[in-house]
Amino acid sequence: MAGITLVGAQWGDEGKGKITDLIAYDMDYVVRFQGGNNAGHTVIHGDRVLKLHLIPSGIMYPHITPVIGNGCVIDPKVLLEEMDKLEADGLSTHRLLISCNAHVIMPYHRDLDGASERRLGSQEIGTTRRGIGPAYMDKASRMGIRIQDLTDEHIFRKKLEAALLEKNDILEKVYALPTYTVEQIAEEYLAYAERIKPHIEDTSLVINKALDGDQWVLFEGAQGTLLDLDHGTYPFVTSSSPTAGGACTGAGVGPKRIDRVLGIAKAYITRVGSGPFPTELSDETGELLTQVGGEYGTTTGRRRRCGWYDAVIVRYAVRVNGLTDLVITKLDVLSAVDTIKVCVAYEYEGHRYNELPAHQTAFHHAKPIYEELPGWKGEDITECRTFEELPKNARDYITYIEDLADVPVSIIAVGPSREQTIMRRWEARA
Ligand code: GDP
Ligand code: IMO
Ligand code: MG
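Not measured: the values here are computed from a predicted model. Within every chain, residues take consecutive numbers counted from 1 along the sequence as written. Throughout, the order in which chains and ligands are written sets their labels, letters from A for the former and numbers from 1 for the latter. With pLDDT at 70 or above as the cut-off, local features in this predicted model cover only qualifying residues; side-chain atom pairs require 80 or more to be listed or tallied, and sums for whole chains, interfaces and linings still use all residues. Side-chain calculation: all heavy atoms of the structure are included, whereas hydrogens and water are not.

1. What to know about the nonpolar core
By convention a nonpolar core is built from buried Ala, Val, Leu, Ile, Met, Phe, Trp, Tyr and Cys residues, the set being connected through side-chain atoms within 4.5 Å. For each residue, the accessible area found with a 1.4 Å probe, counting protein chains only, is set against the maximum for its type, and the residue is called buried under 20%, exposed over 50%, and partly exposed in between. Phe219, Tyr309, Leu326, Leu331, Leu390 and Tyr397 are the most contacted members of the largest nonpolar core, which totals 59 residues. If one sorts the elements of this core by residue count, helix H12 (residues 392-405) sits on top with 6 residues. Sequence-distant contacts of Leu390, defined by excluding residues within four places in its chain, comprise Leu331, Ile381, Cys384, Arg395, Ile412, Val414 and Ile422. Note on conventions: DSSP H or I runs of at least 4 residues are helices, E runs of at least 2 residues are strands, and numbering of each starts at the N terminus. Residue contacts are counted whenever heavy atoms from the two residues lie within 4.5 Å of one another.

2. Brief notes about the sheet that holds strand S1 (residues 2-8)
Pairs of strands are assigned from DSSP output, requiring at least two bridges between the strands. Read from one edge to the other, the open sheet built from 10 strands follows the order S9-S7-S5-S2-S10-S1-S11-S15-S19-S20, with strand pairing classed as mixed. The outermost strands of the open sheet, each flanked by one partner alone, are strand S9 (200-201) and strand S20 (421-423). Looking at chain direction, S1 and strand S10 (residues 216-220) are connected through 5 bridges and run parallel. Each bridged residue has a counterpart across the sheet, and for Ala2 the counterpart in S10 is Trp216. Working convention: axes come from line fits to C-alpha atoms, limited for helices to the stretch in contact. Angles between N-to-C directions cover 0 to 180 degrees. Contacts from helix H1 (residues 16-24) reach S1, strand S2 (29-32), S10, strand S11 (260-266), strand S15 (325-329), strand S19 (409-413) and S20 within the one sheet, and its direction differs from that of S1 by about 160 degrees.

3. Observations regarding the packing of helix H5 (residues 153-174) against helix H6 (residues 182-196)
Two elements in contact, H5 and H6, have axes separated by 10 Å at closest approach and are oriented at 140 degrees. Here H5 lies oblique to H6, going by the angle between them. Crossing angle aside, the handedness with which H5 passes H6 is right-handed. Residue-level contacts link Glu153, Phe156, Arg157, Leu160, Glu161 and Leu164 of H5 to Val182, Glu183, Ile185, Ala186, Tyr189 and Leu190 of H6. Angle categories are assigned with fixed cut-offs, so that under 35 degrees is roughly parallel, over 145 is roughly antiparallel, 65 to 115 is roughly perpendicular, and the rest are oblique. Throughout, a crossing is termed right-handed when the near helix is turned clockwise from the far one, and left-handed when it is turned anticlockwise from it by less than a right angle.

4. Regarding the site of ligand 2
Being near a molecule or strand, for a residue, comes down to having at least one heavy atom within 4 Å of it. In the vicinity of ligand 2, 20 residues are found, and the nearest of them are Lys16, His41, Thr128, Gln223 and Thr238. Whenever a nitrogen or oxygen atom comes within 3.5 Å of another N or O atom, the pair is scored as a polar contact, on the condition that within protein one atom can donate a hydrogen and the other can accept it, and that pairs from neighbouring residues in sequence are kept only if both atoms are in side chains. Residue Gln223 places a main-chain N or O atom 2.8 Å away from an oxygen atom belonging to ligand 2. Interatomic distance of 2.9 Å between a side-chain N/O atom of Arg302 and an oxygen atom of ligand 2. Values of accessible area rely on a 1.4 Å probe in the Shrake-Rupley scheme; residue burial ignores everything except the protein chains shown. The fraction of the free accessible surface of ligand 2 (550 Å²) that becomes covered by protein chains is 98%. Gly falls in the polar group here, along with every residue not listed as nonpolar (Ala, Val, Leu, Ile, Met, Phe, Trp, Tyr, Cys, Pro) or charged (Asp, Glu, Lys, Arg). Split into classes, the residues belonging to the shell around ligand 2 amount to 7 nonpolar, 10 polar and 3 charged.

5. Digging into the site of ligand 1
Surveying the vicinity of ligand 1 reveals 19 residues, the closest of which are Lys16, Gly17, Thr42, Thr298 and Asp332. Note that an oxygen atom of ligand 1 is positioned 2.8 Å from one of the backbone N or O atoms of Gly15. Measuring from an oxygen atom of ligand 1, one finds a backbone N or O atom of Gly40 at 2.8 Å. Protein coverage of the free-state accessible area of ligand 1, which is 590 Å², stands at 92%. Using protein atoms alone on a 1 Å grid, points that fit a 1.4 Å probe yet trap it form a cavity, whereas open point sets bounded by protein on both sides within 12 Å along at least five of seven lines form a pocket; residues with an atom within 4 Å of a point count as lining. The way we define it, a molecule is inside a pocket or cavity when more than half of its atoms are within 2 Å of that pocket's grid points. Placement of ligand 1 is best described as lying within the second largest pocket. Of all the secondary structure elements, the ones that give two or more residues to the shell around ligand 1 are H1 and strand S3 (41-45). In terms of residue class, the shell around ligand 1 is built from 4 nonpolar, 8 polar and 7 charged.

This is the structure:
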């Protein structure tokens, strides 16, 4: 049995897509367990660049069964467009399995996401406006429409009618937006259903059987630890559970099925959207990281906020996810800077915080306490394939991060493509 969970250890965009694609070679299944098309995972191999939003990042390998689990929210239009694009690129999607219990993003979810953000004004969360929050709200309030509802026209129309009774009121009376008729939505969504039907499965059963049969399953997280609804920087978070526990509820497997939990972290840190960010750099170093790292959102194209590596956050990610390994990506980007800073603790009102402050006020005002390390400016590390080939200062940086996190750095990425990687502690499947 080999169940491996891969999660973001920061605020998302850590390079989960690249690392999933890299290790997916050894897998039989790659499963998305939460989130929806708020995610943007980049996979690069040779000339091929895939920007995936819903389809698991193992799709490049024909032997893999990609699965969208019950914990996800699915915009069927986006899903079908993504499938069509992959097929046009010569990548088959016929093996894709979709959980019958995943929830469906409806047009009114997208409208309400945008409307509530506009109403918040300067207090906005900075969501991707893809309808993610409103879809999970309906799931929690038991008003959601599930993928399996699409397969029964009678049930679908009844649930849609019930939902519209409330949604139309909110759209019209609260936000002065246009309303929907059952007919309008039913026609569109029942057409999507015809194409989705062959992929619908009891995916929890499929995954558990695979694990029983000693097959390898990778649970691919979206977003990141600090965007987790429970453990993140609430309310500046997403509406699902991107931490490792989410793989169990979002795929329907028990915690004892998971053998290894990989946390992906950049060699610095970024955030897209609003919310606190202690190590944020608003100076020319921040600008340099943005430009050299190409830090523009995969989903919305928004500029990502950049800052120094925050070891307090990663230690927190080790704790709440039970990480067994760290993967450090984008180490090559740090070749652009002179001296590197690492945040080892925070200061607030005269107190030193070695752990992430539990109270939001302390975190919002936390001043980073930095240690400085010498860099390896100007040295191109993108061709390094072993740890020993890295410049001494880069090796020392990794060892320093490892000591602070107290888990091994098992994989190091030194460029965006699959081969630009150092496998330090990753044994290929026998
Ligand atoms: P994800 O959401 O965690 O999958 O990450 P994204 O794909 O949104 O953002 C990560 C970006 O960094 C993508 O453009 C990747 O191609 C790129 N990337 C990943 N690893 C590396 C690396 O080691 N070096 C560089 N320069 N780019 C990387
Ligand atoms: P991947 O999987 C980075 C952020 C949004 C916003 C907050 C809530 O590519 O790492 P939402 O639309 O989810 O309600 O927005 O979460 N966010 C992400 N930031 N990477 C992502 O996904 C994100 N998905 C959502 O910017 O701040
Ligand atoms: Mg991304």
